[in-house]
Amino acid sequence: MFFTKKKQEKQTWNLAKGIGRIAIPDGAEVKKQLEMIGLTTDDLDVIHALQPFINEKLDMIVNQYYWSLEQEQSLVNIIHDHSSIDRLKSTMKQHLLEMFSGVIDEEFIEKRKRIAFIHVKIGLPTKWYMAAFQNLLLSIISILVEQLPNKDNCHSAIIAVTKILNFEQQLVLEAYELEVNRINIETEEEKRNIRESVANASLNLAAISQETDASFQHLCSQSNEIVSIANKGSELSTLAEERALKGKEQLHKQTVNLSNIQSSVNNISSDVQVLLDISKQTQEIVEIVTGIADQTNLLSLNAAIEAARAGEHGRGFSIVADEVRKLSEETKKSVTNVSSLTLNTNTQIEKLKQSLEMIKTAVNDENNTMQETEHYFQQILVTLDETKIQNQKIEQELQSFVNRTNELGSAFKEVAVSATDLTMISQDIH
């Protein structure tokens, strides 16, 4: 036993020899590290003897440790993102008790490596780990100074604690460095893969951009042709509208002419009807004259008979009666010719009347047809006007489409330039 309780000491320090143990194979690099800092089994005996002091002040040590961490907001954020203060305090207590167990073996080393791995995982900077460990060392030293008034004992304890904490830091920082190197290697591999992917993607993007630009140029050309065709369509619609208007005007003139013809035919029909009435009256007069001629002939015959009876005295009257008879026969003959001519005239007038009726019907039908055709032309004009408006809208939409196509073409040129820049950047990164 190293020493027993003295008057000035507050607690008995029981130092048992042979408790401390280093279970590391010979030749291992860790063992060389222990030899370099001079950490021996005697130091581990002292470390084990200090465990009761640490256990007694464990809450104070841990609270002081995390109080210092809480002064840095970035550390607080890391803690809250991955765990909690209470949980970490519980883990820290167990860790300190294991640190002062007096045994360094493979399990001890593996636990420190796991701590380093966790530090890397949560993104804890090494400077804060070093600063926190410095505060931990100061807290432990202050306890030792308070609990061990004997200078020799306190000196031995501080040296042993300094060595074990230094070894702890070596293990953690080495594992931290190895983990960071491993992550850096993986990161570099990922960067290399990304660079290759970016280079390949940029080449593909450049090729696609060139092909797309060519397609857009072709599309722009076709769009311009379509706009030109749309313009011609508008011009043709305008020309068709003008011709339809002229056609409508011609139809209107023909309709007016047909109306005039119809009016003339109606007038002729009226005149023919008047002529037919006159002819009928003439026929009636002929019949009257024929009757008079027959009566005159009969009277002349009776006069001749009476003259013959009178003998020599009636001879002169007989001659007159004979002349009257001849005149009556000639009158009847002339009237008969007039009657024949009147009948022929009536026949021709009837035929003319029928022809005029046919013409009148044809003119009416043609007039109706013209009106229907004029109505159709009006509908054509309306349709052409709507087509013209629609063509103008199509022209505007096509022009807008061409403008957008040109904008997309410019954008794809920029993409091609960006792809080239991306290729250069990937090469620069490499």
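Residues numbered from 1 in each chain as written. Predicted model: local features only at pLDDT ≥ 70, side-chain atom pairs only at ≥ 80, totals over all residues. Heavy atoms only, no water.

A. Spotlight on the overall build of the protein chain. From N to C terminus, the protein chain includes nine helices and two strands. For a compact globule of 430 residues, the expected C-alpha radius of gyration is about 22 Å, and the protein chain comes in at 69 Å, more than 25% above that figure. Dimensions along the principal axes, computed over C-alpha positions, put the protein chain at roughly 225 × 45 × 30 Å. Per-residue burial over the protein chain gives 30% buried out of 430 residues. In the protein chain, of all internal contacts separated by at least 6 residues, the share reaching a separation of at least 24 is 85%. Taking the 43 positively charged and 61 negatively charged side chains of the protein chain as two groups, their mean positions are separated by 6 Å. (Helix = DSSP H or I, 4+ residues; strand = E, 2+ residues; numbered from the N terminus. Rg over C-alpha atoms; globule rule 2.2 N^0.38 Å. Buried < 20%, exposed > 50% of the residue type's maximum accessible area, 1.4 Å probe, protein only. Contact = heavy atoms within 4.5 Å. Lys, Arg positive; Asp, Glu negative; His and termini not counted. Charge placed at Lys NZ, Arg CZ, Asp CG, Glu CD.)

B. Structural detail: the UniProt feature "coiled-coil region" (unreviewed entry) in the protein chain. UniProt's entry tags residues 349-404 with the feature "coiled-coil region" (unreviewed entry), counted in the numbering of this structure. Helix makes up 100% of residues 349-404 and strand 0%. Its end C-alpha atoms lie 79 Å apart. (UniProt positions renumbered as here; feature names shortened; annotations may be inferred.)

C. Molecular detail of the environment of Ala 175. Here Ala 175 shows up in helix α8 (residues 151-310). Ala 175 gets classed as buried once you look at its relative accessible area, which sits at 10%. The sequence separation of Ala 175 and Ser 300 amounts to 125 residues, and the corresponding C-alpha distance is 173 Å. Other than its neighbours up to four places away in sequence, Ala 175 contacts Lys 113 and Ala 116.

D. Just the pattern of salt bridges, in detail. Counted under the stated rule, the structure contains eleven salt bridges. For Asp 59, the salt bridge goes to Lys 93, with nearest N and O atoms at 2.6 Å. Taken together, the residues Asp 59 in helix α3 (residues 58-69) and Lys 93 in helix α5 (residues 85-99) connect sequence positions 34 residues apart. On the basis of relative accessible area, Lys 93 is assigned to the partly exposed category, the value being 28%. Among the ionic pairs, Glu 189 bridges to Arg 192, the shortest N-O distance being 2.4 Å. Taken as a pair, Glu 189 and Arg 192 lie in helix α8 at a separation of three residues, close to a single helical turn. On the accessibility criterion, Glu 189 (35% relative accessible area) is partly exposed. Here the salt bridges share partners, and the residues they tie into one network are Glu 98, Glu 107 and Lys 111. (Salt bridge = Lys/Arg side-chain N within 4 Å of Asp/Glu carboxyl O.)

E. Structural detail: the packing of aromatic side chains. If you walk through the whole model with that rule in mind, you get two aromatic pairs. When the centroid spacing of 5.1 Å and the interplanar angle of 85° are considered together, the rings of Tyr 65 and Tyr 66 count as edge-to-face. Residue classification places Tyr 65 among the buried positions, given a relative accessible area of 10%. One residue, Arg 112, lies across the ring of Phe 108, its end atom 3.8 Å from the ring centre. (Phe/Tyr/Trp six-rings, centres within 6.5 Å; stacked < 30°, edge-to-face > 60°. Lys NZ or Arg CZ within 6 Å of the ring centre and 35° of its normal.)

F. Seen up close, helix α1 (residues 29-37). Turning to α1, its buried residues are Val 30, Gln 33 and Leu 34. Taken around the axis of α1, the buried residues stretch over an arc of 100°, which confines them to a single face. Relative to its buried face, α1 has exposed residues pointing more than 90 degrees away, namely Glu 29, Lys 32, Glu 35 and Met 36. After α1 finishes, the residue Gly 38 shows a positive phi value of roughly 75°. (Arc of directions from axis to C-beta.)

G. Looking closely at the nonpolar core. With 53 residues, the main nonpolar core has Leu 50, Ile 104, Leu 136, Ile 140, Val 161, Ile 164 and Leu 165 as its most contacted residues. Contributions of two or more residues to this core are made by α1, α2 (41-56), α3, α4 (73-82), α5, α6 (106-122), α7 (126-147) and α8. If we ignore the near neighbours within four places in the chain, the residues touching Leu 136 are Ile 61, Tyr 65, Met 92, Leu 96 and Leu 165. Membership of the second largest hydrophobic core comes to five residues, among which are Val 265, Val 272, Ile 349 and Leu 356. (Core = buried A, V, L, I, M, F, W, Y, C linked by side-chain atoms within 4.5 Å.)

H. Region of the structure containing the confidence of the model for the protein chain. Put simply, the protein chain has an average pLDDT of 79, and 94% of its residues get 70 or more. Note that residues 1-10 has pLDDT below 50 and, in this model, 20 contacts with residues that lie over four places away or in other chains. (pLDDT = per-residue confidence, 0-100.)

I. Up close: the packing of α3 against α7. It is the contact of α3 with α7, at a shortest axis distance of 9 Å, that shows an interaxial angle of 150°. The crossing of α3 and α7 is right-handed. Residues Met 60, Ile 61, Gln 64, Tyr 65, Ser 68 and Leu 69 of α3 lie in contact with α7, whose contacting residues are Ala 132, Phe 133, Asn 135, Leu 136, Ser 139, Ile 140 and Ile 143. Residues belonging to the contact of α3 with α7 are distributed by class as follows: nine nonpolar, four polar and no charged. (Axes fitted to C-alpha atoms, helices over the stretch in contact; angles between N-to-C directions. Left-handed = near helix turned anticlockwise from the far one by under 90°. Nonpolar A, V, L, I, M, F, W, Y, C, P; charged D, E, K, R; others polar.)

J. Summary view of the environment of Thr 255. Positionally, Thr 255 belongs in helix α8. Placed 112 residues apart in sequence, Thr 255 and Asn 367 show a C-alpha to C-alpha distance of 6.1 Å. Those residues in contact with Thr 255 that sit more than four places away from it in its chain are Asn 367, Met 370 and Glu 374.

K. Structural view of the packing of α3 against α5. Where α3 contacts α5, the two axes come as close as 10 Å, and the packing angle between them is 125°. When the interaxial angle is binned, α3 and α5 end up oblique. Like other packed secondary-structure pairs, α3 and α5 cross with a definite hand, here right-handed. Residues Leu 58, Asp 59, Ile 61, Val 62, Asn 63, Tyr 65 and Tyr 66 of α3 form the contact with α5, whose own contacting residues are Ile 85, Leu 88, Lys 89, Met 92, Lys 93, Leu 96 and Leu 97. (Parallel < 35°, antiparallel > 145°, perpendicular 65-115°, else oblique.)

L. The arrangement of a nonpolar patch on the surface in detail. Where nonpolar side chains cluster on the molecular surface, the patch consists of Val 274, Leu 275 and Ile 278 and spans about 250 Å² of accessible area. Relative to the elements of secondary structure, Val 274 occurs in helix α8. (Patch = residues over 30% accessible without salt bridge, like charges linked within 9 Å, V, L, I, M, F, W, Y side chains within 5 Å. Areas by Shrake-Rupley, 256 points an atom, 1.4 Å probe, with all protein chains shown as cover.)

M. Just the side chain of Glu 179, in detail. With respect to the helices and strands, the residue Glu 179 is situated in helix α8. In contact with Glu 179, not counting residues within four places along its chain, are Phe 117 and Val 120.

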